[in-house]
Structure formats: C-alpha cells, structure tokens
Amino acid sequence: MKKIVNDISASAKKSLLTRTLTAIGLVAVTVPCLILGGWYFLFFSVVIALVGAYEIVKASNLKGLIKLLVYFITIVFTLGIIFYPLFADNVSRGKSLSENVNLLYSSFGDEINLSIMLITFMLCIYFLISFSVEQFNIAYVFYFVTMILVIAIGIQSLLFLRYSPFICWGQEDYIGGKLSSTVLSSNKFKYWQSVFLSIYVILGVTFNDMGAYFIGLLFGKHKMNERISPKKTWEGFIGGVVLSIIASTLFALICAVAGKPILPIFDTNKLYYVILISILMPLISDIGDFVFSAVKRTFGVKDFSNLLPGHGGVLDRIDSLIFAAALVSCLIIFIYLIEGAPLNEFGF
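Residues numbered from 1 in each chain as written. Predicted model: local features only at pLDDT ≥ 70, side-chain atom pairs only at ≥ 80, totals over all residues. Heavy atoms only, no water.

(A) Region of the structure containing the pattern of salt bridges. The tally for this structure, following the rule as stated, stands at four salt bridges. Across the pair Arg317 and Asp209 runs a salt bridge, and its minimum N-O distance is 2.9 Å. Of the two residues, Arg317 sits in helix H11 (residues 314–338) while Asp209 sits in helix H8 (residues 196–219), which places them 108 residues apart along the sequence. In this structure, Asp316 engages Lys296 in a salt bridge whose closest nitrogen and oxygen atoms are separated by 2.6 Å. (Salt bridge = Lys/Arg side-chain N within 4 Å of Asp/Glu carboxyl O. Helix = DSSP H or I, 4+ residues; strand = E, 2+ residues; numbered from the N terminus.)

Right, dumping it as structure tokens:
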C-alpha cells in the first residue's frame, strides 16, 4: 500500500527545530516594532533595507574592490529610494525630523512613491561601472537595479500598510492636514487598531509559508518546478494557499464583526474586497518566493546569507512578504478609487 504521509528524515527534524527557534527570535524582535509603529517601525525598516542591500551584493559573487564599491552604491540607493518621501517632505517643511514626527504618516501613508530622479542616477552609475569594469557586465546592471526597486517597493509598501491606518484611525485629531505632535508622541497607544492591516497581511503570508512547508513536507509528491525550487510541491502550494485564505479572511471577518475593521472600507458590508485580497495574496507571495529562488539559482547560491539559522538571510525570509505587501497596498489604493472615496477623506 502506498504511503500517504512522507517519512521525515533526522536532518529535516533538526532543520525544523532550528527554523522554529529562529522564528521565535524573529517574532520577539518584530512584533514590538510592529505594534508600536512610529519611529520604532521606521528604524526596523531601515535595518531590513540595510541587510537586504548587503545580501543582494553578497549573492552576486563579485570580487575585490568592485564588490566594496558596489556595496556602498547599493546601500546608498536602496536607502535613498525607500526613504526619499520622508526626506523630501522634511526639506519642504524646513524642520527637523524630531519636530515632524507626523511626517512618517504623511510621507508613507498616501501612496507608493519612488523618486524618478534617484532611479535615473542609479541607472547612470551602474551603467558607467559596467562600461569601466569588465567583471561588472550589463547583466549585473539589470540585476542590481531590479533588486533595489523590488526591495524599495516592498519596504515602502510595508510602511504604507503600517502608517496609513494610523492616521485613518486618528482622524478626529487630523486637522488641517497635520496630526498633532502631542497626540503622536503620547505614551498612550491610542491607535492600536492601526496595526490590524499589517497583521492581516502578515497572517496571510505566514500561513501560506507554513502551510506550504508542512503540507509539502508531509504529503508532497509532485514537484512544481525543480529547476527553480526543487523542494516545492503542488500539494504544499495548494495547502499553503488554502490555509492563507482561511487565516487572513477569518482575521478580517472577526475584526469587522467586532466593529474594528482593518480599514473603514472593509466593514461587514464589503467583505468581498477582503476575500478578493485574501485569495490573491498567497498567489503573489508564491510568485515572490519563486522570483528570489530564481535569482539564487542564477548565481549558484543556496541562500542570500546565513544571518538567520534555518531560514538563510533576511531576503529569504521576506521575499514573499514584500511582494504581498506591494500587491495589497496597490489594491487598497485602487479599491478606494473605484469606490469614489479619495484616500485623504479617510486620513490618508
């Protein structure tokens, strides 16, 4: 009789233990920053961006001085493109960041905003390097530009998901286009509801990853694409998608029924929007996973780094999340537009 459940090897069990312990550590660091929001989440995003820039250079297998130069350039443009909206707003208002804590919300709560000027400079510099250094061919130009833009869009989307609901639920204090610095700096976490949207997305991505891993480990028989990702199976893919849809939809439904929807437009009367996003979210998450796996296979590396035991690098951990965050952010903006409700009416 054919076995239904796969045998789990000793190495797989050991790997699972390592992954679990690392995941607990990640939760211990991430959750407080996510809940507190504000400068805490911004600092967390800066760290993720720095590590991400380091990992895309590390995976490229560049050698010598050119590698050090590319490290510097990649870090500068990654940080610059992600956090450009914050500094642009700061300069226009002529005040220090400490005096404009509400800039976090006005800068990242409106839209995904990438600087065309910085992207143009980035293209020119990487092309100049390719013309001057034989080792750095044209393929490297497109690799670094693409990866920087993917990381920038993903992290800006995470900032959007965290900061735009804050202003939304602080609408009564959002007067004249500015949120009171007294309100924002208060030790009372008045806008706890603002974290629900981020939790919704994280649940969708996490249950997709967990479902794909465990169901694939136990029941996986049919490979999806061995050339790009040898361990992924159709059984794991389907299991992850189903678990993700159930978990994220259930969370949003509970919030709506309790009178605390993840966003005003996602109340009990319009949960069909939530269902649509919940269905699309794990699908784009898997695409993100495959994209980053394809990059690693191209350069012949198993992981982007070894910073997270059992998980690889930071990019190995957030590859699905940044794709999902970008999709959800764009869908939210689009939904408000087709509903005929400008985002700024809801504090965005």
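(B) A look at the packing of aromatic side chains. Counted under the stated rule, the structure contains 21 aromatic pairs. Relative to Phe299, the ring of Tyr143 lies with its centre 4.7 Å away and its plane at 65°, an arrangement referred to as edge-to-face. Of this pair, Tyr143 sits in helix H6 (residues 138–169) while Phe299 sits in helix H10 (residues 271–299), and the two are 156 residues apart along the sequence. Taken individually, Tyr143 and Phe299 each receive the classification buried, so the pair is uniform in this respect. With centroids separated by 6.0 Å and ring planes inclined at 80°, the aromatic side chains of Phe196 and Phe251 adopt a geometry described as edge-to-face. A residue pair is termed long-range when its members are at least 10 positions apart, and Phe196 in helix H8 and Phe251 in helix H9 (residues 234–257) qualify at 55 residues. Following the ring pairs from residue to residue traces out a cluster consisting of Tyr126, Phe136, Tyr140, Tyr143, Phe144 and Phe299. (Phe/Tyr/Trp six-rings, centres within 6.5 Å; stacked < 30°, edge-to-face > 60°. Buried < 20%, exposed > 50% of the residue type's maximum accessible area, 1.4 Å probe, protein only.)

(C) Representation of H10. Along its 29 residues, H10 runs 43 Å from first to last C-alpha, staying within 8% of the 42 Å computed at 1.5 Å per residue. Looking one or two residues beyond H10, the residue adopting positive phi is Gly300, at roughly 70°. (Expected span 1.5 Å × (residues − 1).)

(D) Geometry of the packing of H8 against H11. Put simply, H8 and H11 touch, their axes get as near as 10 Å, and they point 135° apart. In terms of orientation, H8 and H11 fall into the oblique class. Judged by the sense of rotation from one axis to the other, the crossing of H8 with H11 is right-handed. Residues Leu197, Val201, Ile202, Val205 and Asp209 of H8 form the contact with H11, whose own contacting residues are Arg317, Ser320, Leu321, Ala324, Ala325, Val328 and Ile332. A breakdown of the residues in the contact of H8 with H11 according to their chemical character gives nine nonpolar, one polar and two charged. (Axes fitted to C-alpha atoms, helices over the stretch in contact; angles between N-to-C directions. Parallel < 35°, antiparallel > 145°, perpendicular 65-115°, else oblique. Left-handed = near helix turned anticlockwise from the far one by under 90°. Contact = heavy atoms within 4.5 Å. Nonpolar A, V, L, I, M, F, W, Y, C, P; charged D, E, K, R; others polar.)

(E) The environment of Ala256, seen in detail. Tracing the backbone through its elements, the reader meets Ala256 in helix H9. The exposure class assigned to Ala256 is buried, which follows from its relative accessible area of 9%. Residues Ala256 and Lys270, 14 residues apart in the sequence, show an inter-C-alpha distance of 9.8 Å. Non-local contacts of Ala256, meaning those with residues more than four positions away in its chain, are made with Pro261, Phe266, Asp267, Thr268 and Leu271.

(F) Spatial organisation of a nonpolar patch on the surface. Taken together, Ile275, Leu276, Ile279, Leu280 and Leu283 make up a surface patch of nonpolar side chains, about 360 Å² in accessible area. You can see Leu280 is positioned in helix H10. (Patch = residues over 30% accessible without salt bridge, like charges linked within 9 Å, V, L, I, M, F, W, Y side chains within 5 Å. Areas by Shrake-Rupley, 256 points an atom, 1.4 Å probe, with all protein chains shown as cover.)

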